[in-house]
Amino acid sequence: MKKILTFTFLTLFSYHLAAQDDLLDLLDAETPETENVVTATFKGTRIVNGHSVENRKNKELEFIIAHRFGAINTGIEDLFGLDISNIRFSFEYGLSDNLTAGLSRASVEKTYEGFLKYSLLKQKTGANSFPVAVSLFGSIAAKSQKAIPGFERSFVESLFYTAQVLIAKKINSSLSFQLTPTYVHRNLTAIFDDPHDIFALGIGTRVKLNKRVSLNAEYFPQFDKLKSIDATNSLAFGIDIETGGHVFQIILANSRRMVEKAFITETTGDFFGGDIHLGFNLSRTF
Amino acid sequence: MKNLYTVFLCLFTVFVINAQERYLTKSGQITFFSESPLENIEAKNNQVLSIVDASKKQMAISILMKSFMFEKALMQEHFNENYVESDKYPKATFRGKILNFETISNTESKVQVKGKITIHGVTKELTVETLAKKKDDAIYMKGSFFITLSDFGVEIPSVVEKNIAKQIKISFNFNHQPFKK
């Protein structure tokens, strides 16, 4: 009798140990660890004015129309800046999933710009995890506005170069950060004291307010500044609203400029002094 | 010594009980298809895990949402970010019973699978008619059914209402192989 009891007890006990009753738990245990590439660190290819780590994917074409208005503190005469408008058109195309090429035209200084952005490293979780995403950005901007007589310049003297390393981290689904070490070179300076080379360190962030709306901020402190124009650091805030293939960005910035070399090194507005420019980016991906 | 025999006997008994007939696939296919006036959207997932427990006539399915592949990268991003919220709800699951399991033979026949499906954190009862057969020690199951997005709390904003069907067709194809563990 004792033996039977022991037998029953031990059988039940061992059975309990060995059994995996729940099939879903079993599937969990069988799930291979997958490499998980973090996507949508930012909604758009721009945080506000500056580039984000995001690229257009292979064969996708993005068309961006951007406007920046005059400063709000110009008052009612200019309808708080709305009378004055800068515009920029940009076509950006994914040559591959990791390489985007762009061509744009901005109204200020009649600037043509071409850029390449390459996604070097992806942020990953799971197998082969990696903490940040890294992209490289390079652009050449050419000023085509006719020079004032006496200040003629050659084509080469009209060129500006920008190089950036974009380092981004998506902390969680609603919070992302980006650090953007930036180098801007101008072939021709306005005065002898102006530096040809300016380094800046961009700081950007995105906070998602809900599934389709996010709040973005961006600041570009410079380590050296143009002396000829009393330059300030670019500060901008934006709200991204995304619907299907469109991203609409409403912007408040202390700069009216949209090309890297311009808003990073040629901003003169004092944001907290009221030099705030309303603007928007409208992006459509085909 | 006698006690030792007892222990061995017990372990053996347990082994026999545990040698349940289980069949597993790690490369099951699930496709979903949304047909609307403006565009058709299709996504495929070839890494679905599915298990059939023949002794209990049960089955379970686990689907990693991020493994759905779309034609357009931006669609895939929106699917994960805005619709199924893959960061919050990484998996869709199903668990249920195969009602007329005994009828599965080496020619395709219809069986009913009844159970609970969880998508986007919302669980619903569901019965799916499935074509099943057992051949060469493998269990094949395939079929399709419709789900209504709003049942699972997946919101479609009005601007893309015409791009996304309210009812999504889900097709599946599983080829379960014997699973020993």
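Cut-offs used in this document
- Residues numbered from 1 in each chain as written.
- Chains lettered and ligands numbered in written order.
- Predicted model: local features only at pLDDT ≥ 70, side-chain atom pairs only at ≥ 80, totals over all residues.
- Heavy atoms only, no water.
- Helix = DSSP H or I, 4+ residues; strand = E, 2+ residues; numbered from the N terminus.
- Rg over C-alpha atoms; globule rule 2.2 N^0.38 Å.
- Buried < 20%, exposed > 50% of the residue type's maximum accessible area, 1.4 Å probe, protein only.
- Contact = heavy atoms within 4.5 Å.
- Areas by Shrake-Rupley, 256 points an atom, 1.4 Å probe, with all protein chains shown as cover.
- Lys, Arg positive; Asp, Glu negative; His and termini not counted.
- Charge placed at Lys NZ, Arg CZ, Asp CG, Glu CD.
- Arc of directions from axis to C-beta.
- Polar contact = N/O pair within 3.5 Å; in protein donor to acceptor, adjacent residues only side chain to side chain.
- Pairing = 2+ DSSP bridges.
- Salt bridge = Lys/Arg side-chain N within 4 Å of Asp/Glu carboxyl O.
- Axes fitted to C-alpha atoms, helices over the stretch in contact; angles between N-to-C directions.

Draft legend 1. Spatial organisation of the overall build of chain A. Looking only at helices and strands, chain A has three helices and 14 strands in total. At 26 Å, chain A has a C-alpha radius of gyration far larger than the 19 Å of a compact globule built from 286 residues. Principal-axis analysis of the C-alpha atoms places the extent of chain A at approximately 115 × 40 × 35 Å. Buried positions account for 45% of the 286 residues belonging to chain A. Here the analysis covers contacts within chain A between residues at least 6 apart in sequence; of these, 58% occur between residues at least 24 apart. For chain A, the exposed surface amounts to about 13800 Å²; the carbon and sulfur share of it is 66%. Of the side chains in chain A, 30 bear a positive and 31 a negative charge, and the two mean positions are spaced by 4 Å.

Draft legend 2. Structural context of helix α2 (residues 23-30) of chain A. Of the residues making up α2 of chain A, those classed as buried are L23, L24, L26, L27 and E30 of chain A. End-on view of α2 of chain A: buried residues confined to an arc of 155°, all on one side of the axis. Along its buried surface, α2 of chain A packs onto β1 (22-35), β2 (40-53), β3 (58-64) and β5 (91-98) of chain B. Among the residues of α2 of chain A, the N-terminal cap falls to D22 of chain A, whose side-chain oxygen and the backbone nitrogen of L24 of chain A are separated by 2.7 Å.

Draft legend 3. Geometry of the pairing of strand β14 (residues 277-285) of chain A. Residue and element names in this part refer to chain A. Of the two faces of β14, the one holding H277, G279, N281, S283 and T285 is buried and the one holding L278, F280, L282 and R284 is not buried anywhere. Judged from the eight bridges that link them, strand β13 (residues 246-253) and β14 form a sheet pairing that is antiparallel. Bridging across to β14, I251 finds its partner in G279.

Draft legend 4. Spatial organisation of the pattern of salt bridges. This model, assessed by the stated rule, comprises 26 salt bridges over all chains. Residues D22 of chain A and R95 of chain B are paired through a salt bridge, measuring 2.5 Å at the closest nitrogen-oxygen approach. Separated into two different chains, D22 of chain A in the loop between α1 (2-18) and α2 and R95 of chain B in strand β5 make up a pair that spans both. Given the relative accessible area of 23%, D22 of chain A is considered partly exposed. Of the charged contacts in the structure, one is a salt bridge between E81 of chain B and K170 of chain A, with a shortest N-O distance of 3.1 Å. Highlighted residues: E81 of chain B in helix α2 (residues 73-83) and K170 of chain A in strand β8 (residues 159-172), drawn from two different chains.

Draft legend 5. Representation of the sheet that holds strand β11 (residues 213-220) of chain A. All names here are of chain A. With antiparallel pairing, 12 strands are arranged side by side around a closed barrel as β2-β3-β4-β5-β7-β8-β9-β10-β11-β12-β13-β14. Adjacent strand axes in the sheet meet at a mean angle of 20° when their direction is disregarded. Sheet topology note: the strand β2 (residues 61-71)/β14 ladder contains eight bridges and is antiparallel. Bridge assignment links R68 to a residue of β14, and that residue is G279.

Draft legend 6. Local environment of the side chain of K117 of chain A. All names here are of chain A. With respect to the helices, strands and loops of the structure, K117 is situated in strand β5 (residues 111-121). Among buried Asp, Glu, Lys and Arg side chains, K117 stands out as unpaired, with E92 the closest opposite charge at 6.4 Å. A distance of 3.5 Å separates the side chain of K117 from the backbone oxygen of T45, its partner in a polar contact. Setting aside chain neighbours within four positions, we find K117 in contact with T45, H51, S52, E54, N55, N98, L99, T100, S135, L136, F137 and L166.

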